[in-house]
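Residue strings, one per chain:
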Amino acid sequence: MTILGRSGLEVSKIAFGTWQLGGDWGTFDEDTAIAAIHHARDLGVNFFDTAQAYGRGRSEVLLGRALRKAEDVVIATKGGINPRAERPRDSRRAWLTQGLDQSLRNLAVDHIDLYQVHWPDPDTPAAEVAGLLREFVDAGKVRHVGVSNYTARQLEDLGVAETLQPPYHLFRRGLETDPLPYARANNIGVFVYSPLGSGLLTGALTPDTTFEPTDWRSKSSAFQGDNLRRNLKIVDDLKAFAAHRGLEVAQLAIAWTLARPGVHAAIVGARRPKHIEASIAAADVELTSDDLAEIDRITADAVEVAGAAPEGIA
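Residue positions are given per chain, counting from 1 as you read along its sequence in written order. The predicted origin of the model limits local features to residues at a pLDDT of at least 70 and limits the giving and counting of side-chain atom pairs to 80 or more, whereas totals for whole chains, interfaces and linings rest on all residues. No hydrogens and no water enter the side-chain calculation; it runs on all heavy atoms of the structure.

A. How the structure looks around the nonpolar core. The criterion is simple. A nonpolar core is a set of buried Ala, Val, Leu, Ile, Met, Phe, Trp, Tyr and Cys residues joined through side-chain atoms within 4.5 Å. Burial classes follow relative accessibility: with a 1.4 Å probe on protein chains only, a residue under 20% of its type's maximum area counts as buried, one over 50% as exposed, and anything between as partly exposed. Within the largest apolar cluster, 87 residues are counted, with the highest numbers of intra-cluster contacts made by Phe16, Ile37, Leu133, Leu158 and Leu238. Excluding residues within four positions of it along the chain, Ile37 makes contact with Phe16, Leu21, Phe48, Leu62, Leu63, Ala66 and Leu67. Within the second largest apolar cluster, 15 residues are counted, among which are Val11, Ala15, Val74 and Trp119. Whether two residues touch is decided by their heavy atoms; if any such pair falls within 4.5 Å, the residues are in contact.

Here it is as structure tokens:
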């Protein structure tokens, strides 16, 4: 367990992510997914992350079903985006308020433990967003507030964020220069998403892997052609290194994110019960300075992998 910065929330180092349960990663069986959530709880996971935008509430509804009557869990959700709308980033009062109320209904709870602004909205003043988040807390609808995908400057302008959820993995390391130093200096709890590089670091992909049309990776340049082949060669080298430590490559990747000072937890998704076990074990892996140096050497020529944003796919 770890304390999530100044929020004071005590959470498992592995958070169960549910983006994949909104339909943006292809089809899945809902009963099996619920079984995976239950299995994670049995293994000690108490931290669950979702969002209004994941399947337009579908993920929240499923998570709410799975965790109904569960005690001692921390549920984090996100609002403030409206994908495929004319204004995909929307932190205005009307949209955020509507989104929060819908999230409460979807999750079947009377409050959200951690409510986050999903992406910064450049057209809504930070002071307005901060004021609204304080109102949510004062009304008892939200216990703690945070943000996702914010820079250090945006965090400073907002001022009220207790937590930060940024992307971070071996093929996407920008967080190390911005905003992680700011978050560390201000005791902001950091839990990273996509520690497995959206599947690249699972060891399950091959150069011939294809994705369902409903899977966002089918439209991403990182998962096609030379970019995919180049990074998969690096994954093969990481696999060999992980094996010397008695680890799976996915465990190595997760442990690497948690080894970064200032990172408190990592979000890992699962659609089947067996997929979460190895991820949870990774939280106990300790990497030496020599291990970290060798991982840096192996990944030095990696192609940077971006991800999905409200405006589309990189």
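B. Main features of the pairing of strand E5 (residues 74–79). Of all 6 residues that make up E5, 6 are buried, and the element is covered over most of its length. The secondary structure listing takes helices from DSSP runs of H or I that are at least 4 residues long and strands from runs of E that are at least 2 residues long, numbered from the N terminus. Here E5 shows no split at all, with Val74, Ala76 and Lys78 on one side and Ile75, Thr77 and Gly79 on the other all buried. Between strand E4 (residues 47–49) and its parallel partner E5, the chain crosses via helix H2 (residues 58–67), and the hand of that crossover is right-handed. Any two strands are treated as partners once DSSP identifies two or more bridges connecting them. By the bridge criterion, 4 bridges tie E5 to strand E6 (residues 112–117) in an arrangement that is parallel. In the sheet register, Thr77 faces E6, and the bridge partner there is Tyr115. What joins E5 to E6 is helix H3 (residues 93–107), and the crossover it makes is right-handed. The handedness rule is simple: strands pointing away from the viewer, and a clockwise path from the first strand over the helix to the second, make the crossover right-handed.

C. Spotlight on the pattern of salt bridges. A pairing counts as a salt bridge when a side-chain nitrogen of Lys or Arg comes within 4 Å of a carboxyl oxygen of Asp or Glu. Evaluated as defined, the whole model comprises 17 salt bridges. Between Arg65 and Glu30 there is a salt bridge; the shortest N-O distance is 3.0 Å. In this pair, Arg65 sits in helix H2 while Glu30 sits in helix H1 (residues 30–42), placing the two residues 35 residues apart along the sequence. Arg153 serves as the salt-bridge partner of Asp157, at 3.3 Å between the closest nitrogen and oxygen.

D. Spatial organisation of the packing of aromatic side chains. Working definition: rings of Phe, Tyr and Trp (its six-membered ring) pair if their centres are within 6.5 Å, and the pair is stacked with planes under 30 degrees apart, edge-to-face with planes over 60 apart, and tilted otherwise. What the rule picks out here adds up to 8 aromatic pairs. Relative to Tyr54, the ring of Trp19 lies with its centre 5.9 Å away and its plane at 20 degrees, an arrangement referred to as stacked. Separated by 35 residues along the polypeptide, Trp19 in the loop between strand E3 (14–17) and H1 and Tyr54 in the loop between E4 and H2 bring together distant segments of the chain. Considering the side-chain rings of Trp19 and Trp216, the 5.8 Å spacing of their centres and the 5 degrees angle between planes classify their relative orientation as stacked. Here the residue Trp19 occupies a position in the loop between E3 and H1, and Trp216 occupies one in the loop between strand E9 (189–192) and helix H7 (225–244), the gap between them amounting to 197 residues. Through a chain of ring-to-ring contacts, three or more aromatic side chains come together here, namely Trp19, Tyr54, Phe211, Trp216 and Phe223. Here, a charge over a ring is recorded when the distance from Lys NZ or Arg CZ to the ring centre is within 6 Å and its angle to the ring normal is within 35 degrees. Residue placement shows Arg217 over the ring face of Phe223; its charged tip is 5.9 Å from the ring centre.

E. Local environment of the packing of H1 against helix H9 (residues 273–282). Contact pair H1 / H9: the axes reach a minimum separation of 8 Å and the direction vectors enclose 30 degrees. It follows from the interaxial angle that H1 and H9 lie roughly parallel. The two elements H1 and H9 cross, and the hand of that crossing is right-handed. Contact residues: H1 offers Thr32, Ala35, Ala36, His39 and Ala40, while H9 offers Pro273, Ile276, Glu277 and Ile280. Angles run from 0 to 180 degrees between N-to-C directions of axes, and those axes are lines fitted to C-alpha atoms, restricted for helices to the stretch in contact. Angle categories are assigned with fixed cut-offs, so that under 35 degrees is roughly parallel, over 145 is roughly antiparallel, 65 to 115 is roughly perpendicular, and the rest are oblique. The sense of a crossing depends on the near helix, which, turned anticlockwise from the far helix by less than a right angle, makes the crossing left-handed and, turned clockwise, makes it right-handed.

F. Looking closely at H9. Within the span of H9, buried status applies to Ile276, Ser279, Ile280 and Ala282. One side of H9 carries all its buried residues, which in axial view fall inside an arc of 145 degrees. The inward-facing, buried residues of H9 contact E3, H1, helix H8 (249–258) and strand E10 (265–269). Note that the arc is defined by the directions from the helix axis to the C-beta atoms.

G. Quick look at the side chain of Arg217. With respect to the element layout, Arg217 can be found in the loop between E9 and H7. Overall, the relative accessible area of 9% leaves Arg217 in the buried class. Here the side chain of Arg217 touches Ser198 through a polar contact of 2.8 Å, landing on its backbone oxygen. Whenever a nitrogen or oxygen atom comes within 3.5 Å of another N or O atom, the pair is scored as a polar contact, on the condition that within protein one atom can donate a hydrogen and the other can accept it, and that pairs from neighbouring residues in sequence are kept only if both atoms are in side chains.

H. Fine view of H8. Summarising burial for H8: 10 of the 10 residues are buried, a large majority. Listed in full, the buried residues belonging to H8 are Val249, Ala250, Gln251, Leu252, Ala253, Ile254, Ala255, Trp256, Thr257 and Leu258. The inward-facing, buried residues of H8 contact E3, E9, H7, E10, H9 and helix H10 (289–298).

I. Main features of the pairing of E6. Among the 6 residues in E6, 6 count as buried, and that is most of the element. Pairing between E6 and strand E7 (residues 142–148): 5 bridges, direction parallel. Bridge assignment links Gln116 to a residue of E7, and that residue is Gly146. Of the crossover connections in this fold, the one passing from E6 over helix H4 (residues 126–138) to the parallel E7 is right-handed.

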